Amino acid sequence: MLNNPSEIVLVVIGGTLIMFLLVGTIVFFVLSYQKRYLKHKNELKALEQAYNQELLKSELEIKEQTMNNIASEIHDHIGQLLSVIKLNLAMNPAPGLTETKELVTQVIKDVRGLAHSMHSDGISNKPILQVIETEINRLKKLPQSKVTFSSFGESFSLASQTETFLFRIFQECMNNILKHAHAKNISVELNYNISLLTIKITDDGNGFVVNEVEEGLGLRSIRYRAKLIGAQLSIESSPGSGTCTTIKVNTDNQPIHGN
Amino acid sequence: MLSKIYLITLLISSLISIYNYNKLTTYLKAFSIFLVVTLVVECAGYFLIKPNIWLFNIFTALEFVFYLVLFRQILTSTSKKKAVNLLIASTIIASLGNMIFFQGLFKFNNYSYSYGCMLVCICVMMYFLQLLHHTNPQPLTRIPMFWVSTGLLIYYACNFFYMGLLNYIIGVSMEIAKELFIIISVLNIAMYSLFSVGIVCSTTRRR
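Some details on the overall build of chain A
- The number of helices and strands found in chain A is 6 helices and 5 strands.
- For chain A, the succession of helices and strands along the chain, N to C, is α-α-α-α-β-α-β-β-α-β-β.
- Looking at the 259 residues of chain A, the share that counts as buried comes to 19%.
- A fraction of 73% describes how many contacts in chain A between residues 6 or more apart in sequence connect residues 24 or more apart.

Take a look at the structure:
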């Protein structure tokens, strides 16, 4: 047994120190293990996000390619056939065909307009204001909704890809309104400030709970495209009160091409 | 001097817990009440009641039961809860048995105390394992109970030698026992400081 006081002191202090080291090691191990585990989990999450982004990017590329193909087909094939019909009609001098000739001319114009709005080449060569205006003129002919358009400020051009993406976002929003919202009135506003372009699309349709809606490819591609061009996207909606989508692009981050 | 500092640390810890009482979770509310009770008992034992061994014998037995019940509440696994139930029952039996049949109320109950220390350390280890196997882990430094558990582990694992041998040391030399009490004071300061960190961390997390 320990009878010498110095031995007792040694045993107690030594034992306490050993226990302290042991506890320190355990706490350090727990902390470092959890830190590594969290890091690993975050890496996995980042990988999954990157994979999903890549998947979405591929989906969008395929969609864009398909739209280009359809646009080319409409323009080259259907447009060609309509031109032949128009030519044949022109060779027939019968007075009863005047209205038909006018209708065919109108159809050719509409089909070309549709093909241009679908093909990315038709968008990237023109300023966003003009492309949106053309698209709205096309949509105005649809019977179910009244579309109004207004633009404020001095317009300027953005990088070609940014404008293409903005137009696709606009198209997707309009598509969603026509497909799901059953809106009677749709308003589109383009607001050009010194370094900010704001596109505001408002409708008086069904609306939805933003956080509860299941995001399909349309909404995901809107968000993804907005992210890619560094645009600020906000969707405000509630059931029965319509939807307001605002896209803000800061021109400071974009290569600006003077108008 | 150090024992006064540890009482001050306990006082600060209790004040922090009372100040933030409404922001705390249920088990931390119970913990904060227990801290205040600890402060009252420690002050009574230090300043008013002499000899105070009987007071600390009763209080430490209750203290171990409280910590074990606390861990029973925060452990999620049913099997671990059942195991802690057994540990609680064994602590009560060991403490009462030691008080009544072996060491009595007026001699420090170092056997049951050492046993309690061991059980608290086991519960802390079980809790750490639970934290490591959590399916949705949060950084440990933001979990209040992690700090409380670390404080308990440091205190009860490190005072095992001193408290376990206390009656023997007193038998050899009372002076050495008093000198070595510095270890307990330092451990108390560390434990109550970690408790304060845990409570502060709990309130900042909920803001």
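Some words on the environment of Asn69(A)
Residues and elements named next belong to chain A.
- Here Asn69 shows up in helix α1 (residues 5-91).
- Judged by C-beta crowding, with 12 C-beta atoms within 10 Å, Asn69 ranks as exposed.
- Taking the C-alpha atoms as reference, Asn69 lies 9.7 Å from Ala115; in sequence the two are 46 residues apart.

Some remarks on the sheet that holds strand β2 (residues 185-192) of chain A
Residue and element names in this part refer to chain A.
- Taken in spatial order, the 5 strands line up as β1-β2-β3-β5-β4 in an open sheet, and their pairing is mixed. One side of each edge strand has no neighbouring strand; the edge strands of this open sheet are β1 (146-152) and β4 (232-237). On average, each strand axis in the sheet is tilted by 10° relative to the strand beside it, whichever way the strands run.
- Where strand β3 (residues 196-203) meets strand β5 (residues 243-250), 8 bridges bridge the pair, whose relative direction is antiparallel.

Some details on the interface of chain A and chain B
- If you look at the interface, chain A gives 19 residues, while chain B gives 21 residues.
- By residue class, the composition of the side of chain A that touches chain B is 15 nonpolar, 4 polar and no charged.

Focus: unusual backbone geometry
- The omega angle of the peptide bond from Lys50(B) to Pro51(B) is -10°, so this bond is cis rather than trans.
- Position of Pro51(B) relative to the elements: it lies in the loop between α2 (26-48) and α3 (53-74).
- The backbone of His182(A) shows a phi angle near 50°, a positive value even though the residue is not glycine.
- Mapped onto the secondary structure, His182(A) falls in the loop between α5 (160-181) and β2.
- Since 13 C-beta atoms lie within 10 Å of it, His182(A) is described here as partly exposed.

Section: the environment of Ile58(B)
Residue and element names in this part refer to chain B.
- Note on placement: Ile58 falls in helix α3.
- Looking at Ile58, the number of C-beta atoms within 10 Å reads 15, which means it is partly exposed.
- For the pair Ile58 and Leu105, spaced 47 residues apart in sequence, the C-alpha separation works out to 8.0 Å.

What to know about the pairing of β1(A)
Residues and elements named next belong to chain A.
- With 7 bridges joining them, β1 and β2 adopt parallel strand pairing. Paired with Lys146 across the two strands is Asn185, which belongs to β2.
- Between the parallel elements β1 and β2, the chain passes through α5 in a crossover that is left-handed.

Rules behind the numbers
- Residues numbered from 1 in each chain as written.
- Chains lettered and ligands numbered in written order.
- Predicted model: local features only at pLDDT ≥ 70, side-chain atom pairs only at ≥ 80, totals over all residues.
- Helix = DSSP H or I, 4+ residues; strand = E, 2+ residues; numbered from the N terminus.
- Buried ≥ 20, exposed ≤ 12 C-beta atoms within 10 Å, placed from the backbone.
- Contact = placed C-beta atoms within 7 Å.
- Pairing = 2+ DSSP bridges.
- Axes fitted to C-alpha atoms, helices over the stretch in contact; angles between N-to-C directions.
- Nonpolar A, V, L, I, M, F, W, Y, C, P; charged D, E, K, R; others polar.
- Right-handed = clockwise from strand over helix to strand, strands pointing away.

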